[in-house]
Amino acid sequence: MSTIIEAPRTPRERSSKGRVNWEKWGWLYMRLSGVLLLILIFGHLFVNLVLGEGIKEIDFAFVAGKYATPFWQWWDVVMLWLAMIHGSNGMRTIVNDYASHRTVRRVLLIGIAAAAIILIVLGTLVVFTFDPCNTFIPADQALTFCPVN
Amino acid sequence: MPNEAASTLTTARSSSKRPAGTLYRGNTGMWSWVLHRITGVSIYFFLLVHVLDTAMIRVSPQAYDAVMSTYKNPIMGLGETALVIAIMFHAFNGIRIILIDFWSKGAKYQRLMFWIVIALWVIGTAGFAPIHLHNVFTEPQ
Ligand code: HEM
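What you see is a predicted model, and the numbers here were worked out from it, not measured in a lab.

**Digging into the overall build of chain A**
Line of reasoning, step 1. Looking only at helices and strands, one finds 4 helices and 0 strands in chain A.
Line of reasoning, step 2. Going residue by residue from the N terminus, the α and β elements of chain A occur as α-α-α-α.
Line of reasoning, step 3. Long-range pairs, those at least 24 residues apart, make up 62% of the contacts in chain A between residues at least 6 apart in sequence.
Line of reasoning, step 4. Accessible surface for chain A amounts to roughly 9,800 Å². Of this, 68% is attributable to carbon and sulfur atoms.

**A few points about the coordination of the iron atom of the ligand**
Line of reasoning, step 1. Distances from the iron atom of the ligand to its protein donors, His86 of chain A (NE2) and His90 of chain B (NE2), fall at 2.0 to 2.1 Å.
Line of reasoning, step 2. Coordination at the iron atom of the ligand comes from 6 donor atoms whose angles at the metal span 87 to 179°, giving a geometry best classed as octahedral. Within this pair, whereas His86 of chain A is found in helix α3 (residues 70–98), its partner His90 of chain B is found in helix α4 (residues 74–102), the two belonging to separate chains. There is no split in this pair, since His86 of chain A and His90 of chain B are both buried.

**Notes on helix α1 (residues 22–50) of chain A**
All names here are of chain A.
Line of reasoning, step 1. Taking 1.5 Å of rise per residue, 29 residues should cover 42 Å, and α1 covers 39 Å from first to last C-alpha, within 8% of that figure.
Line of reasoning, step 2. Roughly 30° is the biggest bend found in α1, and it falls at Leu37.
Line of reasoning, step 3. With its phi angle positive at about 60°, Gly52 sits one or two positions after the end of α1.

**Examining unusual backbone geometry**
Line of reasoning, step 1. Its identity as a non-glycine residue notwithstanding, Arg9 of chain A has a phi of 70°, on the positive side.
Line of reasoning, step 2. Mapping Arg9 of chain A onto the fold places it in the segment before α1.

**A closer look at the interface of chain B and chain A**
Line of reasoning, step 1. On the chain A side, the residues contacting the 48 residues of chain B number 45 residues.
Line of reasoning, step 2. Summing both sides of the interface, chain B and chain A together bury roughly 4,000 Å²; the carbon and sulfur share of this comes to 72%.
Line of reasoning, step 3. On the surface where chain B and chain A come into contact, there are 2 salt bridges.
Line of reasoning, step 4. Across the pair Arg31 of chain A and Asp101 of chain B runs a salt bridge, and its minimum N-O distance is 2.7 Å.

**Looking at the site of the ligand**
Line of reasoning, step 1. In the vicinity of the ligand there are 22 residues, among which Arg31 and His86 of chain A together with His36, Arg37 and His90 of chain B approach most closely.
Line of reasoning, step 2. Lying at an intersection of chains, the ligand is approached by residues of chains A and B.
Line of reasoning, step 3. Arg37 of chain B is positioned with one of its side-chain polar atoms (N or O) 2.6 Å from an oxygen atom of the ligand.
Line of reasoning, step 4. Among the elements that take part in the shell around the ligand, α3 of chain A stands out by supplying 7 residues, more than any other.

**Examining the UniProt feature "transmembrane region" (unreviewed entry) in chain B**
Residue and element names in this part refer to chain B.
Line of reasoning, step 1. Those places that UniProt annotates as "transmembrane region" (unreviewed entry) correspond, in this numbering, to residues 34–57, 77–100 and 112–133.
Line of reasoning, step 2. For residues 34–57, helix accounts for 92% and strand for 0%, while the C-alpha atoms at its two ends are 36 Å apart.
Line of reasoning, step 3. End C-alpha atoms of residues 112–133 are separated by 31 Å, and the span's content is 100% helix alongside 0% strand.

**Points about a nonpolar patch on the surface**
Residue and element names in this part refer to chain B.
Line of reasoning, step 1. Together, Leu112, Ile116, Leu120 and Ile123 make up a nonpolar patch on the protein surface, roughly 380 Å² of accessible area in all.
Line of reasoning, step 2. For Ile123, the position within the fold is in helix α5 (residues 110–137).
Line of reasoning, step 3. Note on Ile123: relative accessible area 59%, which makes it exposed.

**Overview of the packing of helix α2 (residues 27–55) of chain B against α5 of chain B**
Residues and elements named next belong to chain B.
Line of reasoning, step 1. Relative orientation of the contacting elements α2 and α5 amounts to 45°, with a least axis distance of 9 Å. Relative to α5, the element α2 is oriented oblique. In this structure, α2 meets α5 at a crossing whose hand is left-handed. The segment α2 lies against α5, with Asn27, Thr28, Gly29 and Ser32 engaging Gln110, Arg111, Phe114 and Trp115.
Line of reasoning, step 2. Looking at the contact of α2 with α5 residue by residue, the classes come out as 2 nonpolar, 5 polar and 1 charged.

Basis of the calculations
Residues numbered from 1 in each chain as written. Chains lettered and ligands numbered in written order. Predicted model: local features only at pLDDT ≥ 70, side-chain atom pairs only at ≥ 80, totals over all residues. Heavy atoms only, no water. Helix = DSSP H or I, 4+ residues; strand = E, 2+ residues; numbered from the N terminus. Contact = heavy atoms within 4.5 Å. Areas by Shrake-Rupley, 256 points an atom, 1.4 Å probe, with all protein chains shown as cover. Donors = N, O, S within 2.8 Å, 3.2 Å for Na, K, Ca; no water. Tetrahedral: all angles 85-135°; square planar, octahedral: opposite > 155°, others 65-115°. Buried < 20%, exposed > 50% of the residue type's maximum accessible area, 1.4 Å probe, protein only. Expected span 1.5 Å × (residues − 1). Bend = angle between axes of the 7 residues up to and from the residue. Buried area = accessible area lost by both parts, 1.4 Å probe. Salt bridge = Lys/Arg side-chain N within 4 Å of Asp/Glu carboxyl O. Near = heavy atom within 4 Å. Polar contact = N/O pair within 3.5 Å; in protein donor to acceptor, adjacent residues only side chain to side chain. UniProt positions renumbered as here; feature names shortened; annotations may be inferred. Patch = residues over 30% accessible without salt bridge, like charges linked within 9 Å, V, L, I, M, F, W, Y side chains within 5 Å. Axes fitted to C-alpha atoms, helices over the stretch in contact; angles between N-to-C directions. Parallel < 35°, antiparallel > 145°, perpendicular 65-115°, else oblique. Left-handed = near helix turned anticlockwise from the far one by under 90°. Nonpolar A, V, L, I, M, F, W, Y, C, P; charged D, E, K, R; others polar.

Written out as structure tokens, the structure is:
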């Protein structure tokens, strides 16, 4: 069987009318999320690593302080969703470029999708169910403002 | 030429055997793509780990502080510096890619924009690296 290689710049033919062009929306998503991620990630790095003592200050109390406000909860969750989907879609492109063996490619793509779903769900739950005075935390490790019984 | 459409792509031949390069073949266009791909993959794998280490916040203060202490050792500190430098390249070059695609003059100025990306990258690194390395290599108060 011979493969037909179309001349460059031949307009793409639609396989059937009215079907969603996912590849186009993925392409657009990479660009839209990229612009938002630039702001979110640079803000994240500035607040966590540049201000004050940077990495030296980061501990449980630091994060508890940030997650006490919905602003930082939403900042982190939006960043998580945008970055996981952007990164996973980028990895999908790269796998499609290099993994020519059908089964290998399929396994890699399923792995990427599974990792994305698991980490997005986990990360979102962590941010929104986080309670700095959670009853699992031993009294001697609790933050000063927590009502320890 | 089997098809008329293809003829729009033929270019004048130069005496050089090497291709002169197009947007993505050879020179800055290709190397920026290579760097964009390598930095994208690196950031992706870090993100997988970073979501997991942050999840320790939901386990206990001790668990979270234990993972964070590993981030504070000098070798990890150098790794974080490299990671932030990689993110800066990916972010600035990402904006260059977006401008090539959406700005009518983007393709024309892609090479100039590449050097602007490199300049911003150097400035960003000069701003970030000394601060972070100072925090990593000095004792906590
Ligand atoms: C900081 C802001 C960011 C910007 C402005 C940005 C921008 C872009 C753009 C425009 C593309 C090209 C997509 C295409 O050619 O269709 C891209 C690809 C990619 N990005 Fe990002 N991105 C950012 C952050 C991230 C993050 C946080 C990750 C990892 C989680 C990531 C991973 C990737 C990967 C793996 C690719 C695919 C590279 C390739 O196909 O060669 N990016 N990015």
